[in-house]
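Structural description and commentary
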Amino acid sequence: MLVTTLKKTNVKLGILLTFTFIIFYPSINCDFVNWDDPLKILNNQIIRSISIGNLVKMFTNVEQLVPITNLSFALEYHFFGLNSKVFQLSNVLLHLLNILLVYNFIRLVSRKSYVGLITAALFAVHPMMVETVSWVSERNNLLYTSFFLLSLIQYIKYVKAEIVQNSGNNNCKARNHYFLALLFFVLSCLSKPLGVYLSLILILIDFILAREFGRKAIFDKTPFFAISLVLGLIAVFHVRSEEIIFANKNFSLLDRIQLSGYSMLWYCFKFFAPVNLSAFYPFPSYKPGDLPYYFQIYPILSVFIAGMTLYTIKFTRKIIFGVGFFLVSLVFILQFWLYADYIVADRYMYLPYIGLFYVFAEGFYYIKGKSRDLIGFYKINISSLVVIIIIVSFSLVSRNRINVWMNSLSLWTDVIEKYPDCSKAYLARGTVRNDRMEYPEAIKDLDMSIKFNPNIPKAYNNRGVARKNTGDYKGALEDYKKTIQLDKNYAEAYSNIGIIKFETRENKEAIKYLSKAVELAPDNASNYLLRGNVHVVSGNYRYAIDDYDHSIFLDSSRYEAYLNRGSAKYYLGKRETACRDWNKAMK
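The rules behind each value
- Residues numbered from 1 in each chain as written.
- Predicted model: local features only at pLDDT ≥ 70, side-chain atom pairs only at ≥ 80, totals over all residues.
- Heavy atoms only, no water.
- Helix = DSSP H or I, 4+ residues; strand = E, 2+ residues; numbered from the N terminus.
- Rg over C-alpha atoms; globule rule 2.2 N^0.38 Å.
- Buried < 20%, exposed > 50% of the residue type's maximum accessible area, 1.4 Å probe, protein only.
- Contact = heavy atoms within 4.5 Å.
- Areas by Shrake-Rupley, 256 points an atom, 1.4 Å probe, with all protein chains shown as cover.
- Lys, Arg positive; Asp, Glu negative; His and termini not counted.
- Charge placed at Lys NZ, Arg CZ, Asp CG, Glu CD.
- Axes fitted to C-alpha atoms, helices over the stretch in contact; angles between N-to-C directions.
- Parallel < 35°, antiparallel > 145°, perpendicular 65-115°, else oblique.
- Left-handed = near helix turned anticlockwise from the far one by under 90°.
- Nonpolar A, V, L, I, M, F, W, Y, C, P; charged D, E, K, R; others polar.
- Salt bridge = Lys/Arg side-chain N within 4 Å of Asp/Glu carboxyl O.
- Expected span 1.5 Å × (residues − 1).
- Arc of directions from axis to C-beta.
- Patch = residues over 30% accessible without salt bridge, like charges linked within 9 Å, V, L, I, M, F, W, Y side chains within 5 Å.
- pLDDT = per-residue confidence, 0-100.
- Phe/Tyr/Trp six-rings, centres within 6.5 Å; stacked < 30°, edge-to-face > 60°.

1. Here's the deal with the overall build of the protein chain
- In terms of helices and strands, the protein chain carries 28 helices and 4 strands.
- Whereas a compact globule of 587 residues would reach a radius of gyration of roughly 25 Å, the protein chain reaches 28 Å, a difference of no more than 12%.
- Projecting the C-alpha coordinates of the protein chain onto the three principal axes gives extents of approximately 85 × 55 × 55 Å.
- Looking at the 587 residues of the protein chain, the share that counts as buried comes to 51%.
- Long-range pairs, those at least 24 residues apart, make up 70% of the contacts in the protein chain between residues at least 6 apart in sequence.
- For the protein chain, the accessible surface area stands at approximately 28,600 Å², while carbon and sulfur atoms represent 62% of it.
- Positive and negative side-chain charges in the protein chain, numbering 65 and 44 respectively, have mean positions lying 9 Å apart.

If you want it as structure tokens, here you go:
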């Protein structure tokens, strides 16, 4: 009987995984996008080699704090280069792995395969999961979730083995589960610093398993909390967000509480109705202190929901565990901390929603036991039919949502359709159109970006690029100088001015601006290459060779650096070494 049940469960899991793969298959064809992918993958030098030096950098670079994620990218780059299909396929496979882990985690918590299966199915196809799976940069979210769930599974096994141990059996098995839980916890944190809150989830695990609260229960969590504290402090002091709207920091404590309440209720609403999703959700367009009166309702409703959840302890621990899992996961991502220029994000719900999925799976299981089967060729329980309808509906929405992530243009066009006054979206789409050499359209988008927010240096810089490529050198210089006026350390603007000066044969001015770019961005290989080109034209061949040397040291894949260094050496009479450089350029 048990073997038959296991076989049926495995068949159902196999069907779920196959169905999910079919739903997410189109995401394998999604390209890299111009949001985080250039920073984390396309221009990330750390992943270009699996050398000892780079491995050390991965685990000591406190600015990224995601060594396991970088290692996964490095392995893909080593074997397949920048093949977006491989990176996307890895994301899909990790999502399938997480579905299995969700099933096993919830099965251990609930002691019911049905509940585990329904939770896994909802997790598999909910539209809010699409962003994490279809966006390569969210690999950290997938990996940290995998290790997070593995840690929880091992911790549950540890607690259950400890109960057996107390009955007089050997404690070796319990100890093994404990150390595996600790190991997976560390790996989760090294995939994404957000994993530090697992320590709090362990308390909920003890609660749902009705573990006796005592010295042992406190002691075995001490290493988890100690690691959380250390890694959490490192993350707080070193994590950086790009293009944060600094004005948001002027929101008062009351404003932040209201925004946090809004965010929590928004996530709750999207759990039931995942429609009108967007890659980017701008802050409400209100000044600090001027939030509408109805924002005051949000924290009140949030407290009411929390209170009602606590009240259910009279009847069951399940609701407190599921909702508690959701709420604890929210603590570090609510905009009370004002760490980003968006108020909510779909990707933040990849792990927290598991708690709510569990509550509803338990609810469906309860209804299943109370309702009658439908009359038909196959006996289908009413609650099971409702679950199937929900899963199919979510799947259709998810499949459609994947199309938005096909490329940067489709992504930001969708954001603009949802938020037509979003400056960042116009900036990002204008940048895409620059890359596609659609310069008139790029200028229109960048004009709109500047219209809605005239204080973003990058918008002027990118419009300058578009203007230069349409022959408007004067307008381009004005934009570059405006960029520097807004941000005197914007290296790319100095570099772009240097390019214009070089093209207009003002070589001394070109050297001045390119030297400033090198000073501000000493790790940028392009600036050395450009300045080397000016030195060659000016007849300063030795200076040119020095610059090409620096460029090659920083990025050995640039054939232009070898080609031009060869020319500089040739002019100095070093024909043999010049030929070697030219041969490297042709490889």
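2. Here's the deal with the packing of helix H27 (residues 559-571) against helix H28 (residues 575-586)
- Look at H27 against H28: their axes get within 8 Å of each other, and the N-to-C directions meet at 165°. Our classification of the angle between H27 and H28 gives roughly antiparallel. Judged by the twist between their axes, the crossing of H27 over H28 is left-handed. Contacts between H27 and H28 pair Tyr559, Tyr562, Leu563, Arg565, Gly566, Ser567, Lys569 and Tyr570 from the former with Arg575, Thr577, Ala578, Asp581, Trp582, Lys584 and Ala585 from the latter.
- In terms of residue class, the contact of H27 with H28 is made up of 7 nonpolar, 3 polar and 5 charged.

3. Here's the deal with the packing of helix H4 (residues 67-80) against helix H5 (residues 84-110)
- For the pair H4 and H5, interaxial distance at closest approach is 10 Å and the crossing angle is 140°. In terms of orientation, H4 and H5 fall into the oblique class. The crossing of H4 and H5 is right-handed. In this structure, H4 uses Phe73, Glu76, Tyr77 and Phe80 to contact H5, whose residues at the interface are Val86, Phe87 and Ser90.
- Here the contact of H4 with H5 is composed, by residue class, of 5 nonpolar, 1 polar and 1 charged.

4. Details of the pattern of salt bridges
- Scanning all chains against the criterion turns up 29 salt bridges.
- Among the salt bridges present, the one from Arg436 reaches Glu438, with a minimum N-O distance of 3.2 Å.
- Classification of Arg436 as partly exposed rests on a relative accessible area of 43%.
- Under the relative-accessibility criterion, Glu438 is labelled partly exposed at 24%.
- Its salt-bridge partner being Glu509, residue Lys512 comes within 3.5 Å of it at the nearest N-O pair. Here the residue Lys512 and the residue Glu509 both occupy positions in helix H24 (residues 507-520), the gap between them amounting to 3 residues, near one helical turn.
- Residue Lys512 is classed as partly exposed on the basis of its relative accessible area of 47%.
- You can call Glu509 partly exposed: its relative accessible area is 27%.
- Put simply, Arg429, Arg433, Arg436, Glu438 and Asp445 are held in one network by salt bridges that share partners.

5. Section: H24
- Between the first and last C-alpha of H24 there are 20 Å, a value that for 14 residues agrees with the 20 Å anticipated at 1.5 Å per step.
- Within H24, burial applies to Asn507, Ala510, Ile511, Tyr513, Leu514, Ala517 and Val518.
- Its buried side turned inward, H24 meets helix H23 (491-503) and helix H25 (525-538).

6. Let's talk about helix H20 (residues 439-452)
- When the terminal C-alpha atoms of H20 are compared, their 20 Å separation across 14 residues agrees well with the 20 Å that a helix rising 1.5 Å per residue should span.
- Every buried residue of H20 is accounted for by Tyr439, Ala442, Ile443, Asp445, Leu446, Ser449 and Ile450. The buried residues of H20 occupy an angular sector of 165° when the element is viewed end-on, so they sit on one face. Across from the buried face of H20, at angles greater than 90 degrees, the exposed residues are Lys444 and Lys451.
- Packing partners of the buried residues in H20 comprise helix H19 (423-435) and helix H21 (457-469).

7. Examining the side chain of Arg433
- Tracing the sequence through the fold places Arg433 in helix H19.
- Ignoring any residue separated from it by four or fewer positions in sequence, one finds Arg433 in contact with Leu409, Glu438, Tyr439, Glu441, Ala442 and Asp445.

8. Focus: a nonpolar patch on the surface
- Together, Leu200, Ile203, Phe225, Val331 and Phe332 give the surface a local cluster of nonpolar side chains, amounting to about 390 Å² of exposed area.
- Note on placement: Val331 falls in the loop between helix H15 (318-330) and strand S2 (342-344).
- On the accessibility criterion, Val331 (40% relative accessible area) is partly exposed.

9. Overview of the side chain of Asn140
- Examined against the element boundaries, Asn140 turns out to sit in helix H8 (residues 139-166).
- Given the relative accessible area of 9%, Asn140 is considered buried.
- The residues contacting Asn140, other than those within four sequence positions of it, are Lys40, Val66, Thr69, Ser191 and Lys192.

10. Observations regarding the confidence of the model for the protein chain
- On average, the protein chain scores 89 in pLDDT, and the residues at 70 or more come to 91%.
- Overall, residues 240-247 carries pLDDT values under 50, and its contacts beyond four positions in sequence, including any with other chains, amount to 13 contacts.

11. Some points on the packing of aromatic side chains
- Tallied over the entire structure, the rule returns 47 aromatic pairs.
- Arranged with centres 6.2 Å apart and planes meeting at 80°, the rings of Tyr281 and Tyr419 form a pair that is edge-to-face. Here the residue Tyr281 occupies a position in strand S1 (residues 281-282), and Tyr419 occupies one in the loop between helix H18 (408-418) and H19, the gap between them amounting to 138 residues.
- Its relative accessible area of 2% is what places Tyr281 among the buried residues.
- Arranged with centres 6.2 Å apart and planes meeting at 25°, the rings of Phe326 and Tyr353 form a pair that is stacked. Remark: Tyr353 occurs in helix H16 (residues 353-370) and Phe326 occurs in helix H15; sequence separation between them is 27 residues.

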